[in-house]
Amino acid sequence: MGLISSTHSISRYHIEGKIEGSAAEEVRNGLIAYSIPKIESEFDALSAGWTPFESPYNPDFDKFSIQFGAYFLFSLRVDKKSIPTRLIQKYMAIEIEKKMEKSGRQFISKNEKTEIKEMIIDLLMHKIPAVPSIYEVLWNYEEQTLYLFSTQKAANELFETIFLKSFKLKPVRLFPYTLVETKSVFSNSDKDRILSLTPLKYTR
Amino acid sequence: MLDIAAAYNKYKFLGNDFLTWIWFSIETQKNFSDLLGSKDVITLEIGNSIVLENQLGDKSKEKITIKGDEAGLEEGTTALKKGAWVTQINLMCKINEDEYKFTIKGESYNITGLKTPKTDLSKTGDEIEGLVLEKAFFCLKIYEVIDTLFLKYLEQRVSDNWNHKGLQEIKNWIVSF
């Protein structure tokens, strides 16, 4: 659902503030500082960071441009490991049987089950590869507007956190209220009138 | 500015009221080019889905979803009569010869399933920058139309004759079904 795909899902942000100094340089530095690691960590269930738009699997900002006309364009990559519940159940059953056989008991305690589950999740987490998701970010720096090609809550929240860390600028989601506050040219009195509106009742 | 989460909940009705007004404007054949003050020929049509919600007496809600390319909207108009409002709508927007299809949600203003006009540029080599800029132009164009309409709608809502004219016209439209 990215920028150059046939359909798009988009959420928008107003970016509060401006960067001191050269925006192009500082944005590039922020992207490099919070780029996704080249080597996947076998311990992390979730890893997220920036990658160039043209190179989502090799976060090399020296090789690929982030400037496209008046925009900065890059991607947020989220690598997530998720272990299917049925896989955990399968290994749990095998381990529980082994443990009962070894101890000669007919049951195992709740605590033992929890320990086994943790051990299995830990083991599988190391073995399972992370699945990457790519969300493109189109930023009109001068207009302080940014388009994230995702409407998924988790992706939006990750984006907001990483963006703030990377550029020290706060992304504010654009929805009816923030649109009035940040993108309209209403006078203060009109804004006050808008903000005192209540839901319409159409029935007589 | 208010706390963002609180403001989102407090003012989500503005987006829903706006989408209801868009439906009304389409059905009563308002001239969108005039409304937007645009030289382009801009038309809007209801697409293949519309979702309405109705707050029931207690904390529960009634949700009415109408889907399908040729779906009748009778259930939707009945829901409006019962006091529902539009929370999500699929629209077809034509700007001159360019056609856009998308779904917009009132409370979040998120756009999903946006189909922009076709482009001949390729995803590889030298044409990538041109493709990106063209796609960006299309995506931003639709927001420009929707934002301008939203702000025009708010202008009407806070105008002195809203209760006598704007709201009354919507009420008349609803009872006309």
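Residues numbered from 1 in each chain as written. Chains lettered and ligands numbered in written order. Predicted model: local features only at pLDDT ≥ 70, side-chain atom pairs only at ≥ 80, totals over all residues.

### As for the overall build of chain B
Then, number 1: Broken down by element type, chain B carries six helices and five strands.
Then, number 2: In sequence order, chain B lays out its α and β elements as α-α-α-β-β-α-β-β-β-α-α.
Then, number 3: C-alpha extents for chain B along the principal axes are approximately 60 × 40 × 35 Å. (Helix = DSSP H or I, 4+ residues; strand = E, 2+ residues; numbered from the N terminus.)

### Focus on unusual backbone geometry
Then, number 1: In this model, A:Gln144 sits at a positive phi of 60 degrees, which is unusual for a non-glycine residue.
Then, number 2: According to the C-beta neighbour criterion, A:Gln144 is partly exposed, with 18 such atoms within 10 Å.
Then, number 3: Of note in this structure, B:Tyr109 is not a glycine but carries a positive phi near 65 degrees.
Then, number 4: By the secondary structure assignment, B:Tyr109 is in the loop between β4 (98-105) and β5 (111-115).
Then, number 5: Given 25 C-beta atoms within 10 Å, B:Tyr109 falls into the buried group. (Buried ≥ 20, exposed ≤ 12 C-beta atoms within 10 Å, placed from the backbone.)

### Description of the pairing of strand β1 (residues 42-55) of chain B
Residue and element names in this part refer to chain B.
Then, number 1: Relative to strand β3 (residues 85-95), β1 is paired through nine bridges, and the arrangement is antiparallel. Across the sheet, residue Glu-53 finds its bridge partner in β3, namely Trp-85.
Then, number 2: Across seven bridges, β1 lies against strand β2 (residues 61-67) in antiparallel orientation. Residue pairing in the sheet places Gln-55 in a bridge with Lys-61 of β2.
Then, number 3: Taking the residues between adjacent antiparallel strands as the criterion, β1 and β2 are bridged by five residues. (Pairing = 2+ DSSP bridges.)

### Side note on the domain arrangement of chain A
Then, number 1: When its domains are assigned, chain A resolves into domain 1 (11-81 + 129-175) and domain 2 (85-124).
Then, number 2: Distance from the C-alpha centre of domain 1 of chain A to the C-alpha centre of domain 2 of chain A: 41 Å. (Domains from an automatic or database assignment.)

### Overview of the nonpolar core
Then, number 1: Ranked by internal contacts, the top residues of the largest apolar core, which has 74 residues, are A:Leu73, A:Leu138, A:Leu146, A:Leu148, B:Ile22, B:Ile89 and B:Ile142.
Then, number 2: It is helix α5 (residues 128-157) of chain B that contributes the most residues to this core, nine residues altogether.
Then, number 3: Excluding residues within four positions of it along the chain, A:Leu138 makes contact with A:Leu3, A:Tyr71, A:Leu73, A:Leu146, A:Tyr147 and B:Ala136. (Core = buried A, V, L, I, M, F, W, Y, C linked by C-beta atoms within 7 Å. Contact = placed C-beta atoms within 7 Å.)

### Comments concerning the confidence of the model for chain B
Then, number 1: Confidence in the prediction for chain B averages 91 pLDDT; 99% of positions are at 70 or higher.
Then, number 2: Complex prediction metrics read pTM 0.90 and ipTM 0.91. (pLDDT = per-residue confidence, 0-100.)

### What about the pairing of β3(B)?
Residues and elements named next belong to chain B.
Then, number 1: Summarising burial for β3: eight of the eleven residues are buried, a large majority.
Then, number 2: In terms of strand pairing, β3 meets β4 through eight bridges, oriented antiparallel. The partner of Ile-89 across the bridge, within β4, is Ile-104.
Then, number 3: Connecting β3 to the antiparallel partner β4 that follows it, the hairpin turn spans two residues, and Asn-96 within it adopts a positive phi of roughly 55 degrees.

### Overview of the interface of chain A and chain B
Then, number 1: Chain A puts 38 residues into the contact, and the matching count from chain B is 42 residues.
Then, number 2: Elements supplying a minimum of two residues to the side of chain A that touches chain B: β1 (7-16), β4 (71-80), β7 (170-173), α5 (176-183) and α6 (188-195) of chain A.
Then, number 3: Tallied by class, residues from the side of chain A that touches chain B come to 20 nonpolar, nine polar and nine charged.
Then, number 4: Examined bridge by bridge, β1(A) and β5(B) share three bridges and lie antiparallel to one another. Within β5(B), the residue paired with A:His8 across the bridge is B:Leu114. (Nonpolar A, V, L, I, M, F, W, Y, C, P; charged D, E, K, R; others polar.)

### Structural notes on α5(A)
Then, number 1: Turning to α5(A), its buried residues number three or more, namely A:Pro176, A:Tyr177, A:Thr178, A:Leu179 and A:Val180.
Then, number 2: On its buried side, α5(A) packs onto β1, β7 and α6 of chain A together with α1 (4-10), α2 (12-27) and α5 of chain B.

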